[in-house]
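# Remarks on the overall topology
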Amino acid sequence: MKTLIEHLESFNRKERFFLVGSALGNPRFQLSSKFRWGLDAAFGILTPCDTFVAMDYHLDWIYASLFLLALPEKDHNKIHLNTAYGVLGNQQDIDLLVAFEKEGITNLLLVEAKATPAWTTSDKEQTQAKAKRLSCIFDRYRAKYPRVKPYFGLTSPCRPDIEFHEWPAWMTKDGQPIWFPLTMPPGRRKITRCDSKASAKGKYFRVKSCDRTHRRIER
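This write-up is about the structure you can find in this document. Quick caveat, the model's predicted, so the values are computed rather than measured. (Residues numbered from 1 in each chain as written. Predicted model: local features only at pLDDT ≥ 70, side-chain atom pairs only at ≥ 80, totals over all residues. Heavy atoms only, no water.)

### A closer look at the overall build of the protein chain
- Scanning the protein chain from terminus to terminus reveals six helices and eight strands.
- Element order for the protein chain, N to C, with α for helix and β for strand: α-α-α-β-α-β-β-α-β-β-β-β-β-α.
- In terms of overall dimensions, the protein chain has C-alpha extents of about 65 × 40 × 40 Å along its principal axes.
- Counting only residues that meet the buried cut, the protein chain has 42% of its 219 residues in that class.
- Relative to all contacts within the protein chain whose residues are 6 or more apart in sequence, the contacts with residues 24 or more apart total 68%.
- Carbon and sulfur atoms make up 55% of the accessible area of the protein chain, which amounts to about 13200 Å² in all.
- Counting 35 positive and 24 negative side-chain charges, the protein chain places the centres of these two groups 6 Å from one another. (Helix = DSSP H or I, 4+ residues; strand = E, 2+ residues; numbered from the N terminus. Buried < 20%, exposed > 50% of the residue type's maximum accessible area, 1.4 Å probe, protein only. Contact = heavy atoms within 4.5 Å. Areas by Shrake-Rupley, 256 points an atom, 1.4 Å probe, with all protein chains shown as cover. Lys, Arg positive; Asp, Glu negative; His and termini not counted. Charge placed at Lys NZ, Arg CZ, Asp CG, Glu CD.)

### Re the sheet that holds strand β1 (residues 52-58)
- The strand order across the open sheet built from six strands is β1-β2-β3-β4-β6-β5, with neighbouring strands paired in mixed fashion. Looking at strand neighbours, the two that pair on one side only are β1 and β5 (172-173), the edges of this open sheet.
- Across the sheet, helix α1 (residues 4-11) is in contact with β1, β2 (93-102), β3 (105-113) and β4 (148-156); its angle to β1 comes to roughly 55°. (Pairing = 2+ DSSP bridges. Axes fitted to C-alpha atoms, helices over the stretch in contact; angles between N-to-C directions.)

### Let's talk about the packing of α1 against helix α4 (residues 59-69)
- For the pair α1 and α4, the least separation of the axes is 9 Å and the interaxial angle reads 140°. Taken together, α1 and α4 sit at an angle that is classed as oblique. Here the hand of the crossing between α1 and α4 comes out right-handed. For the pair formed by α1 and α4, the contact residues are Leu4, His7, Leu8 and Phe11 on the first element and Trp61, Ile62, Ala64, Ser65, Leu66, Leu68 and Leu69 on the second.
- Its residues placed into classes, the contact of α1 with α4 shows nine nonpolar, two polar and no charged. (Parallel < 35°, antiparallel > 145°, perpendicular 65-115°, else oblique. Left-handed = near helix turned anticlockwise from the far one by under 90°. Nonpolar A, V, L, I, M, F, W, Y, C, P; charged D, E, K, R; others polar.)

### Focus on the environment of lysine 197
- Within the element layout of this structure, lysine 197 appears in the loop between β7 (189-194) and β8 (204-209).
- Judged by relative accessible area, lysine 197 falls into the exposed class, the value being 64%.

### Thoughts on the side chain of arginine 36
- Its location among the elements puts arginine 36 in helix α3 (residues 33-43).
- Here arginine 36 sits buried without a salt bridge, and the closest side chain of opposite charge, aspartate 40, lies 5.3 Å off (N-O distance).
- Once you skip the residues sitting within four places of it in the chain, arginine 36 turns out to touch Leu31, Thr47, Pro48 and Cys49. (Salt bridge = Lys/Arg side-chain N within 4 Å of Asp/Glu carboxyl O.)

### Thoughts on α1
- Leu4, Ile5, His7 and Leu8 are the residues of α1 that are buried. End-on view of α1: buried residues confined to an arc of 160°, all on one side of the axis.
- If you follow the buried residues of α1, they end up packed against β1, α4, β2, β3 and β4. (Arc of directions from axis to C-beta.)

### Description of the packing of aromatic side chains
- One pass over the full model with this rule turns up 11 aromatic pairs.
- Pairing phenylalanine 17 with phenylalanine 18 gives two aromatic rings, centres 5.0 Å apart and planes at 80°, and the pair type is edge-to-face.
- Using a relative accessible area of 44% as the deciding quantity, one classes phenylalanine 18 as partly exposed.
- Ring geometry for phenylalanine 43 versus tyrosine 151: centroids 5.9 Å apart, planes at 80°, classification edge-to-face. (Phe/Tyr/Trp six-rings, centres within 6.5 Å; stacked < 30°, edge-to-face > 60°.)

### As for α3
- Looking only at α3, the buried set comprises Arg36, Leu39, Asp40, Ala42 and Phe43.
- Buried-residue contacts for α3 involve β2, β3, β4, β5 and β6 (176-181).
- Immediately downstream of α3, the backbone of glycine 44 shows phi near 75°, a positive value.

Shown next as structure tokens:
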């Protein structure tokens with residue numbers, strides 16, 4: 001029988017994953033010690049050196065991996081009844097997935113990243129949709145898969161100011177979203193189309209600094 005991590009790894013076919021891994025000489029996407037320390041501080045669980053790591057990992061793939069885990073391997077390639085929040089066939093994903101086994105439990109660290117601007121209440125629809133989907137996959141009380149423990153965290157240069165009251169409790173820690181800082185180099189800029197003011201159909205464009213939105217807010 002395949003483990004959950006083996007199922008997760010088998011679905012990972014993002015070309016950017018293999019391109020970036022090959023380009024940086026790190027084909028397995030092994031995490032740096034500094035990044036693992038950040039995960040440890042945020043999630044409160046020690047992340048081992050040798051973990052499964054994937055980027056832009058589809059939520060459909062997480063659902064399918066959990067679904068297949070309960071089936072005999074001879075039934076994996078059969079046609080399966082879909083559910084309302086099962087396989088949606090869309091691009092909804094998690095920016096970074098870190099998975100490892102510890103004391104018989106498979107831990108899934110789901111990390112969403114945002115550089116600029118940081119999360120605000122205007123992102124409510126997007127984050128609530130993802131929270132609803134994750135709640136359906138794992139259920140609100142994280143009891144659907146007793147040997148699987150998911151976590152959800154945000155990383156950005158600034159602490160997020162975001163609506164999270166409809167999130168399931170397991171997606172938070174001490175009643176707040178889990179967050180750890182994302183380091184961005186200074187001098188980042190953005191381009192906006194405009195006329196006399198910003199406009200998606202403007203006939204002009206301007207270059208603006210992003211440094212203000214990258215300013216880190218200390219915990």
